[in-house]
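# Results of the structural survey
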Amino acid sequence: MTRTLIRGGTVVAATGSFAADVAIEGERIVSLLEPGSSITDAFHADRVIEATGKLVVPGGVDVHTHMEMPSAGTISADTFASGTMAAAWGGTTTIVDFASQVREGSLREAWDVSMSKAEGRCAIDFGLHMIVSDVNASSLAEMDSMVSEGVTSFKLFMAYPGALYSDDGQILRAMQRASECAATIMMHAENGIAIDVLVAQALARNERDPRFHAATRPSSLEGEATHRAIVLAQVTGAPLYIVHLSAAEALAEVVAARDSGAIVHAETCPQYLFLSEAALEGPEFEGAKFVCSPPLRHGTHSDALWNGLAGGDLSVVATDHCPFCFKDQKELGKRDFSKIPNGLPGVEHRMELVYQGVVEGRISLERWVDLTSTTPARLFGMYPAKGVIQPGADADVVVFDPAGSRTISAASHHMAVDYSCYEGFTLTGRVQTVLSRGRVLVDGNSFVGEVHGGRYVRRSSPPSVLSPGK
Ligand code: URP
Ligand code: ZN
Ligand code: ZN
């Protein structure tokens, strides 16, 4: 069993930071040692990683990715192999992706399909949520058996009528079942019925450019859907997690619900913190690179989101990584914005992007770790194996250089997509070394690890789901 010592760094936890050497045996962290103590000498490491002047943080946990996902007549560009390698490059050591039920299909079939794509192919550990796109007696009955497989969260859509959409009755039923089987409901909260009317009206006026994607999905319709999802969850007692929250109106609904004691959490994504709807106006159809749902918003929303992250109203930053190449994929919507595949690449840059919040004084170092690793691990039933550096935890560890920097470019990133939303952004702080269960994957500028060593994470029902007020 390899014994690794990460020496001289500052360990950052959600609850505080302290100087410690991290001792690892095989796949696990075995102890945190006082730096320079004789116990450190007695550890007899096979491998020493020098971390003086560096931060030692738990590997990132990205609970919202879509690798090789069929959508809008194409398939998202990253495979589980390429996407998880890119994630590792950026300091993420666990993803939770989505199995997706097809209409009239079963949840079990969807899980099998995703497992056959992912198992044995991921560079880092992975779990799966389940998208329920056909809420009926038989899919409701299957939820229990999915929970036994470690799928303890189910995503529903209030958007995309005729495809992934569930109506309020279906949502209510799925929430009742989730509540019975200690699972979380994840909600894509946009009023899809109203949005489809606005989209049809825009197209009838011959408004076809990417910018009309944002114009037809106003933030108020995200706020309304978020409110409705919260009310339905309260009626059923189901724990609710709002995915990819982008709008101040939606955040206000989450704040009000949490203040009244409801079990509601929400995630936002780097694109809503760093980009704005102005990007959709780019020349020559370039705006299509920024089409995702909910859409990018006006900059005032990002300020509200940063405040929500700092103050605890938003719980998680995940990427919603759903990459489509500009060439041939985004181009499917060249004459009609509603045909542009929805989604942005981002799994590689989440940790470093969110770290800019620390650099700019918007969030603390500890909050950075909390939002990108500890709380996502906890909410989705992976803590304390994931999301923390402490004895007994998986040795998923990132050595992060706060004095380093990186300029993001499609020419140098590792995601299998031909553009970057953050092209030319220069970031302060840089991932230096990445360990996944004790194996070094990334060492400076080299990928040195096994490319298919990731394992399926059989997730539990998190305690926060069972006890209100957390
Ligand atoms: O535009 C987005 N967000 N695409 C990915 C699928 C989803 O709704 O999360
Ligand atoms: Zn969604
Ligand atoms: Zn998504």
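Residues numbered from 1 in each chain as written. Chains lettered and ligands numbered in written order. Predicted model: local features only at pLDDT ≥ 70, side-chain atom pairs only at ≥ 80, totals over all residues. Heavy atoms only, no water.

What surrounds ligand 1 is the set His64, His66, Lys155, Phe157, His188, His244, Cys292, Ser293, Asp320, Cys322, Asn342 and Gly343. Within the side chain of His64, one N or O atom sits 3.4 Å away from an oxygen atom of ligand 1. His188 has a polar side-chain atom sitting 3.0 Å from an oxygen atom of ligand 1. Taken by itself ligand 1 offers 260 Å² of open surface, and the protein chains cover 96% of this. Each residue belonging to the shell around ligand 1 can be placed in one class, and the counts come to three nonpolar, seven polar and two charged. (Near = heavy atom within 4 Å. Polar contact = N/O pair within 3.5 Å; in protein donor to acceptor, adjacent residues only side chain to side chain. Areas by Shrake-Rupley, 256 points an atom, 1.4 Å probe, with all protein chains shown as cover. Nonpolar A, V, L, I, M, F, W, Y, C, P; charged D, E, K, R; others polar.)

At 1.9 to 2.1 Å from the zinc ion (ligand 3) lie its protein donor atoms, namely His64 (NE2), His66 (NE2) and Asp320 (OD). The site at the zinc ion (ligand 3) holds four donor atoms, and with the angles between them running 88 to 127°, its shape is tetrahedral. When the donors of the zinc ion (ligand 3) are listed by position in the chain, the intervening gaps give H-x1-H-x253-D. Between the two metals, the zinc ion (ligand 3) and the zinc ion (ligand 2), the spacing is 4.1 Å. One end of the pair, His64, is in the loop between strand 8 (60-62) and strand 9 (70-71); the other, Asp320, is in the loop between strand 17 (316-317) and helix 12 (350-359), and 256 residues separate them in sequence. The exposure class assigned to His64 is buried, which follows from its relative accessible area of 0%. Judged by its relative accessible area of 7%, Asp320 falls in the buried class. (Donors = N, O, S within 2.8 Å, 3.2 Å for Na, K, Ca; no water. Tetrahedral: all angles 85-135°; square planar, octahedral: opposite > 155°, others 65-115°. Helix = DSSP H or I, 4+ residues; strand = E, 2+ residues; numbered from the N terminus. Buried < 20%, exposed > 50% of the residue type's maximum accessible area, 1.4 Å probe, protein only.)

Within the structure shown, the criterion is met by 27 salt bridges. Put simply, Asp125 and Arg437 hold a salt bridge, and the shortest N to O gap is 2.7 Å. Here Arg437 lies in the loop between strand 19 (426-436) and strand 20 (439-443) and Asp125 lies in strand 12 (residues 125-131), a separation of 312 residues in the sequence. Accessibility classification places Asp125 together with Arg437 in one group, the buried group. Salt-bridge contacts for Lys327 lead to Asp328; the nearest nitrogen and oxygen are separated by 3.6 Å. Through salt bridges that share partners, Glu27, Arg28, Asp125, Lys386, Asp394, Asp396, Arg437 and Arg455 make up one connected network. (Salt bridge = Lys/Arg side-chain N within 4 Å of Asp/Glu carboxyl O.)

This next bit is on the packing of aromatic side chains. Under the defined criterion, the tally for this structure stands at 12 aromatic pairs. Ring centres 4.7 Å apart and planes at 80° place the aromatic pair Tyr241 and Phe380 in the edge-to-face group. Placement of Tyr241 in strand 15 (residues 240-242) and of Phe380 in the loop between helix 13 (365-379) and strand 18 (397-407) is noted, with a sequence separation of 139 residues between them. Centre to centre, the rings of Tyr422 and Phe425 are 5.4 Å apart; their planes meet at 80°, and the pair counts as edge-to-face. By relative accessible area, which is 27% here, Phe425 ends up partly exposed. One aromatic cluster is present, formed by Phe80, Trp111, Phe126 and Tyr456 through successive ring pairs. The ring centre of Phe43 lies 4.4 Å from the NZ or CZ of Arg3, which sits over that ring. The ring of Phe98 carries the charged tip of Lys155 above its face, separated from the ring centre by 5.5 Å. (Phe/Tyr/Trp six-rings, centres within 6.5 Å; stacked < 30°, edge-to-face > 60°. Lys NZ or Arg CZ within 6 Å of the ring centre and 35° of its normal.)

This brings us to the side chain of Asn191. Structurally, Asn191 is set in the loop between strand 14 (184-188) and helix 6 (192-204). A polar atom in the side chain of Asn191 sits 3.0 Å from the side chain of Glu224. Ignoring any residue separated from it by four or fewer positions in sequence, one finds Asn191 in contact with Met158, Leu221, Glu224, Ala225 and Arg228. (Contact = heavy atoms within 4.5 Å.)

Of all nine residues in strand 11 (residues 92-100), eight are buried, a share of seventy percent or more. Across three bridges, the pairing between strand 8 and strand 11 is parallel. Looking at the pairing, Gly60 lines up with Thr92 of strand 11. Note: strand 11 against strand 12, seven bridges, orientation parallel. Considered in strand 12, the bridge of Ala99 is made with Met130. Remark: the strand 11/helix 3 (residues 107-118)/strand 12 crossover connection has right-handed handedness. (Pairing = 2+ DSSP bridges. Right-handed = clockwise from strand over helix to strand, strands pointing away.)

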